[in-house]
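This is what each chain is made of:
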Amino acid sequence: MSLMIGVPTEVFPGEKRVATVPEVVEKLIKLGFRVEVQSGAGDAANFSDEVYRAAGAQIIATAAELWASADLVLKVRGPGADEVGLVRSGQILISFLWPAQNPELMQQLAARGATVLAIDSLPRTLSRAQKMDALTSQAGVAGYRAVIEAANAFGRFFNGQITAAGKVPPAKVFIAGAGVAGLAAIGTAASLGAIVRANDTRAEVADQVVSLGGEFVKVDYEEEGSGGGGYAKVMSEGFQQAQRAMYAKQAKEADIIVTTALIPGKPAPKLISAEMVASMKPGSVIVDMAAEQGGNCELTEPGQAVVKHGVTIVGYTDLVSRLAKQSSTLYATNLFRLTEELCKTKDGVVDVNMEDEAIRGLTVIKEGKITWPPPAPKPAAAPPAAKPAAAVPAAKKGHGHGAASEPMPGNKLAVMFGVAAALFWFVGAFAPGAFLAHFTVFVLACFVGYMVVWNVTPALHTPLMSVTNAISSIIAIGALVQIAPPLAGGLPPGEWIRWLAVVGIVLTAVNMFGGFAVTQRMLAMFRK
């Protein structure tokens, strides 16, 4: 029999998200599951009971009834104190859990005999895990909302303006940390017209910062900052001193600072000191996205927005919930993709396959037994040693479309001209005068065409050919000349020439129109 998926109301204070949305309910039902939603679970995210019911879900009045009947429970936050007692043996729970920070909760859930999948423990290095990566989807929402909160607390425009009333300079925004949340903040601030600068311990994100319209500010200290699983690592004391000096300089110049630095399993690093806050211009804003883990700013008060030294410090811990409808939709989609992996047979039955690396990483408790942390990922098999490639003779310059665009060496060109001159003299000495005139035009045409095409970069050969195909109109003119004079007497050679000219006109017309058609299509690719 197909399993029942239950979606209870979130009990964490201030949490407005819901674990699934009506459009995902329909997809879960197509997978073979039955779905029940606690009454009012989606109200804070603007999803009414009626919409869930229309999507095919059953509406359950109380949490106790839902936990008692559900085989698979989908949540956003981990179970609260009252909910742990409702968990029953054999039940499957999927939610954010943070097992390293909640060892007591882990023990309580294990004692209940449940199977628990922590969505925050997903191995993010697996490419196929990206569709299930709720940390990334929620961090993107938080980064966007952080800039919106900064704009709300800031007393000016983000973009610079010149008006009759005076000139407004653009806001200067500094983003500390260029992970998913930081990149979302960079893109949002840049789109609002601010001057954006950013820093991260991972030098490889510099190109991403620039691509979003920001400027990467490098710490004057060489050290690799990439940690496992795509996260940053704790840096050395020398690096941290150089970083603090750079942050102190940026604090004096910036109007808005957004901090996003977090290291899994550790308190948020302190990046902005009280002295840096005091050095900022009055009216400046700091949005501390790491407030829930202690904050990146020394003066942050989690859950509140306070003003200190004339600077507004926003320490909200519910940035994602402030866009509850959007974040719930993304999170529900992540859980649906995970459910697809658990139910590949599409019959409403879940298989927690511990041989699957992604599922193994997610599963922190299996049937009452704590399985976290997971074993280290298996190293990728080394590719077979490639056989040494046979020596390929170097291609002569100028041959084929992939040839280099350098001109022919002078000595080789001189030899070629000498041979051509001798051939031309031989033809001129023995051929009729009429033939010599045509032959001269032919040789000059070949030479001009050769010199024009030879020095063109190979990447431009296709557009070049599509345009120069129009030159084949000369062929059409020659064919028309051959057709024009009347020919008489059966099928003399002139008649054969006439029909060859007709065929030539047809083929040339196709070539000409095709060349222009290709050119127009290529030009259209570069038009908005």
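We now turn to the structure provided with this report.

Analysis parameters
Residues numbered from 1 in each chain as written. Predicted model: local features only at pLDDT ≥ 70, side-chain atom pairs only at ≥ 80, totals over all residues. Heavy atoms only, no water. Helix = DSSP H or I, 4+ residues; strand = E, 2+ residues; numbered from the N terminus. Buried < 20%, exposed > 50% of the residue type's maximum accessible area, 1.4 Å probe, protein only. Areas by Shrake-Rupley, 256 points an atom, 1.4 Å probe, with all protein chains shown as cover. 1 Å grid on protein atoms, 1.4 Å probe; cavity = no way out; pocket = protein on both sides within 12 Å on 5 of 7 lines; lining within 4 Å. Points joined across faces, edges and corners; volume = space filled by probe spheres on them. Nonpolar A, V, L, I, M, F, W, Y, C, P; charged D, E, K, R; others polar. Axes fitted to C-alpha atoms, helices over the stretch in contact; angles between N-to-C directions. Parallel < 35°, antiparallel > 145°, perpendicular 65-115°, else oblique. Contact = heavy atoms within 4.5 Å. Salt bridge = Lys/Arg side-chain N within 4 Å of Asp/Glu carboxyl O. Pairing = 2+ DSSP bridges. Phe/Tyr/Trp six-rings, centres within 6.5 Å; stacked < 30°, edge-to-face > 60°. Lys NZ or Arg CZ within 6 Å of the ring centre and 35° of its normal.

1. Observations regarding the overall build of the protein
- Of the regular secondary structure elements, the protein holds 17 helices and 17 strands.
- The burial tally for the protein puts 40% of its 528 residues in the buried class.
- Here the protein displays about 28100 Å² of accessible surface, and carbon together with sulfur accounts for 63% of that area.

2. Brief notes about empty space enclosed by the protein
- If you walk through the whole model with that rule in mind, you get one cavity of 30 Å³ or more.
- Each pocket or cavity is described by its volume, and for the largest cavity that value is around 30 Å³.
- Together, Lys 172, Val 173, Phe 174, Arg 197, Gln 250, Glu 253 and Ala 254 line the largest cavity.
- Within the residue set of the lining of the largest cavity, elements represented by two or more residues are β9 (172-176) and α9 (237-253).
- With three residues, the top contributor of residues to the lining of the largest cavity is β9.
- Split into classes, the residues belonging to the lining of the largest cavity amount to three nonpolar, one polar and three charged.

3. Comments concerning the environment of Gln 326
- Relative to the helices and strands, Gln 326 resides in helix α11 (residues 324-342).
- Here the alpha-carbon distance between Gln 326 and Arg 17, two residues 309 residues apart in the chain, equals 9.0 Å.

4. Comments concerning the packing of helix α1 (residues 22-30) against α11
- In the contact formed by α1 and α11, the axes pass within 9 Å of each other and the chain directions differ by 10 degrees. With respect to each other, α1 and α11 are oriented roughly parallel. Only Thr 329, Ala 332, Thr 333, Phe 336 and Thr 339 of α11 make contact with α1, whose side of the interface consists of Glu 23, Val 24, Lys 27 and Leu 28.
- In terms of residue class, the contact of α1 with α11 is made up of four nonpolar, three polar and two charged.

5. What about the pattern of salt bridges?
- Scanning all chains against the criterion turns up 22 salt bridges.
- Glu 341 is the partner of Lys 131 in a salt bridge, and the nearest nitrogen-oxygen pair spans 3.0 Å. Here Glu 341 lies in helix α11 and Lys 131 lies in the loop between β6 (115-118) and α6 (134-153), a separation of 210 residues in the sequence.
- The shortest N-O distance in the salt bridge between Arg 197 and Glu 253 comes to 2.6 Å. Of this pair, Arg 197 sits in strand β10 (residues 195-199) while Glu 253 sits in helix α9; the two residues are 56 residues apart in sequence, bridging distant segments of the chain.
- Among the charged side chains, a network of salt bridges with common partners joins Arg 128, Lys 131, Glu 341, Lys 344 and Asp 356.

6. Here's the deal with the sheet that holds β9
- Read from one edge of the open sheet, seven strands run β11-β10-β9-β12-β13-β15-β14, paired in mixed fashion. Only two strands of the sheet have a single partner each, and these edge strands are β11 (215-216) and β14 (305-308).
- Pairing geometry for β14 and strand β15 (residues 311-314), over four bridges, is antiparallel. Counterpart to Val 306 in the pairing with β15 is Ile 313.

7. Some details on the packing of aromatic side chains
- Within this structure, the stated rule accounts for six aromatic pairs.
- A centroid spacing of 5.5 Å and a plane angle of 70 degrees characterise the contact between Phe 174 and Tyr 247, whose relative ring orientation is edge-to-face. With Phe 174 in strand β9 and Tyr 247 in helix α9, the pair connects residues that are 73 residues apart, well separated along the chain.
- Its relative accessible area of 3% is what places Tyr 247 among the buried residues.
- Measuring from centroid to centroid gives 6.1 Å for Tyr 221 and Phe 239, while their planes differ by 85 degrees, and the two rings are edge-to-face. Here the residue Tyr 221 occupies a position in the loop between β11 and α9, and Phe 239 occupies one in helix α9, the gap between them amounting to 18 residues.
- Residue Tyr 221 is classed as partly exposed on the basis of its relative accessible area of 34%.
- In this structure Phe 239 comes out as buried when scored by relative accessible area, which is 3%.
- The ring of Phe 12 is capped by Arg 77, whose NZ or CZ atom sits 4.0 Å from the centre of that ring.
- The lysine or arginine in question, Arg 322, covers the ring of Tyr 316, its NZ or CZ lying 3.8 Å from the ring centre.

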